[in-house]
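Residue strings, one per chain:
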Amino acid sequence: MYEVDLSADPKELAAIEARKSREKERQSRFFNVRNRVMGVDVEALNSQVVERKLREVTEQSRDAAYGTNHMQYDLVAQMLEKEQAERTRWLAKKIQEFREQKQQLKNRREFDLRDPEGLRKEFPACLGDSDRHCGPASLQCFSGEDLDRATCLKMQQDQFRYSLERQLQEQQRARVDEKCADMLNDQLHLGMDMRATYLAKLEESCRMAMMSAVANVNKAQVAELAEWQRREHQREQEANLVDIQNQITSDLLTENPQVAQNPLAPHRVLPYCWKGMTPEQRAAIRKVQEVQRYEKEAQCQAEQALDAQWESQTMLSTQAAMELEQQERELCAEFRRGLGSFNQQLAKEQKAQQNYLNSIIYTNQPTTQYHLQFNTSSR
């Protein structure tokens, strides 16, 4: 047999490579402990949140645009409905007038067949065999005989001609009415367009006039504000000058001692006018301070004696505590020695037990190759 080297299908190779790349990407995403979050793809969730917010903003803008277009369409639809209602009312009125004037009951072709007064209008050539003008042998009317056939045929032809002429007239009138209605409709649309153009121009002129008026008002307000600021600044300067003059000529800067005395209470002073104490007041204050200093020194000496007593008491308490701590340390050392011997005995027993398990019971230990065969795929 001949060996044939069949080349692989490029599509199949591309699909295999795509699957391998996807599997590698999946493994890198699953086995990366730092970026992995069990059960949740944070980046995908964040991208979904951003897409949802963007979609909501787009939908809101689209709804706002649809709302604006819907309002415009409603206005146009209302205008068209009003126009259609007026046209329908006008056509109904014209049709009713035409019916009342041209389609009366007496002008119909079948009026002679349904005339309620037909029997009264009829007058036969002979009243019958019992006519007193005719004898028994003078019969004038026989069964099946039509004495007015020629007249009826002529009347029917005239009526047919009249009805045909009337139909032609009605058709011509209908065409004329249709042309008039189309002309009126065109004139109405032209008027509506002109009205809309006029309203747009009027709205634009009103907007320009409003903008001009607002600009003029703003300019006037700016000028008024500048004038008010200038007057306020001038008034403030004048008030400052008056205040400076008053301060210079007042008793505050001239240091008049009589100004600080309170007229209602002579033993008190006015704080906002007081310039300081007299030498006698300063000497009295120093004397009081000296007395307070002596009292403070005596108090400090008493406190120092009390602190010395407390220090001696603290030293005695510290010595007693140190003795108790020494006893406690000795007890703890003895306890640790007993606990160490017990732990050594327990460790020997556990080591013997572990040696027994490893040498007799657990003889087949798993190697590293056994553990490496797990967790090698993302599926």
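Since the model is a prediction, treat every value here as computed from it, not as a measurement.

Glancing now at the overall build of the protein chain. Along the protein chain, the regular secondary structure elements total 7 helices and 0 strands. Tracing the protein chain from N to C terminus, the helices and strands come up as α-α-α-α-α-α-α. Expressed as a percentage of the 379 residues in the protein chain, the buried residues total 5%. Across the protein chain, the fraction of contacts at a sequence separation of at least 24, relative to all contacts at a separation of at least 6, is 55%. In the form shown here, the protein chain has an accessible surface area of approximately 35100 Å², with 56% of it arising from carbon and sulfur atoms.

Our focus in this paragraph is the confidence of the model for the protein chain. With 84% of its residues at a pLDDT of 70 or more, the protein chain has an overall mean of 80. At the level of individual helices and strands, the protein chain shows its lowest average pLDDT in helix α5 (residues 251–254), which scores 63, and its highest in helix α6 (residues 279–361), which scores 89.

Time to look at a nonpolar patch on the surface. Together, Trp90, Leu91, Ile95 and Leu184 make up a nonpolar patch on the protein surface, roughly 320 Å² of accessible area in all. Sort the elements by how many residues they give to the nonpolar patch and helix α2 (residues 42–102) lands first, with 3 residues. On the secondary structure map, Ile95 appears in helix α2. In this structure Ile95 comes out as partly exposed when scored by relative accessible area, which is 43%.

This part is about the side chain of Glu83. You can see Glu83 is positioned in helix α2. Here Glu83 occupies a buried position and makes no salt bridge, while the nearest side chain of opposite charge, Arg87, is found at 6.4 Å. Of note is the side chain of Glu83, whose polar atom sits 3.3 Å from the side chain of His189.

This part takes up the pattern of salt bridges. Under the defined criterion, the tally for this structure stands at 8 salt bridges. Linking Arg52 and Glu56 is a salt bridge whose minimum nitrogen-to-oxygen distance equals 3.0 Å. Separated by 4 residues within a single helix, Arg52 and Glu56 lie in helix α2, roughly one turn from each other. The class of Glu56 is partly exposed, set by a relative accessible area of 36%. Between Arg235 and Glu232 there is a salt bridge whose closest N-O contact spans 2.7 Å. One end of the pair, Arg235, and the other, Glu232, are both in helix α4 (residues 149–249), 3 residues apart, so they sit about a helical turn from each other. Of the residues examined, Arg235 reaches a relative accessible area of 44% and is grouped as partly exposed. Several salt bridges converge on common partners, so that one network encompasses Glu227, Arg230 and Arg231.

Attention now goes to the environment of Gly276. Position of Gly276 relative to the elements: it lies in the loop between α5 and α6. Its relative accessible area of 33% is what places Gly276 among the partly exposed residues.

Conventions adopted
- Residues numbered from 1 in each chain as written.
- Predicted model: local features only at pLDDT ≥ 70, side-chain atom pairs only at ≥ 80, totals over all residues.
- Heavy atoms only, no water.
- Helix = DSSP H or I, 4+ residues; strand = E, 2+ residues; numbered from the N terminus.
- Buried < 20%, exposed > 50% of the residue type's maximum accessible area, 1.4 Å probe, protein only.
- Contact = heavy atoms within 4.5 Å.
- Areas by Shrake-Rupley, 256 points an atom, 1.4 Å probe, with all protein chains shown as cover.
- pLDDT = per-residue confidence, 0-100.
- Patch = residues over 30% accessible without salt bridge, like charges linked within 9 Å, V, L, I, M, F, W, Y side chains within 5 Å.
- Salt bridge = Lys/Arg side-chain N within 4 Å of Asp/Glu carboxyl O.
- Lys, Arg positive; Asp, Glu negative; His and termini not counted.
- Polar contact = N/O pair within 3.5 Å; in protein donor to acceptor, adjacent residues only side chain to side chain.

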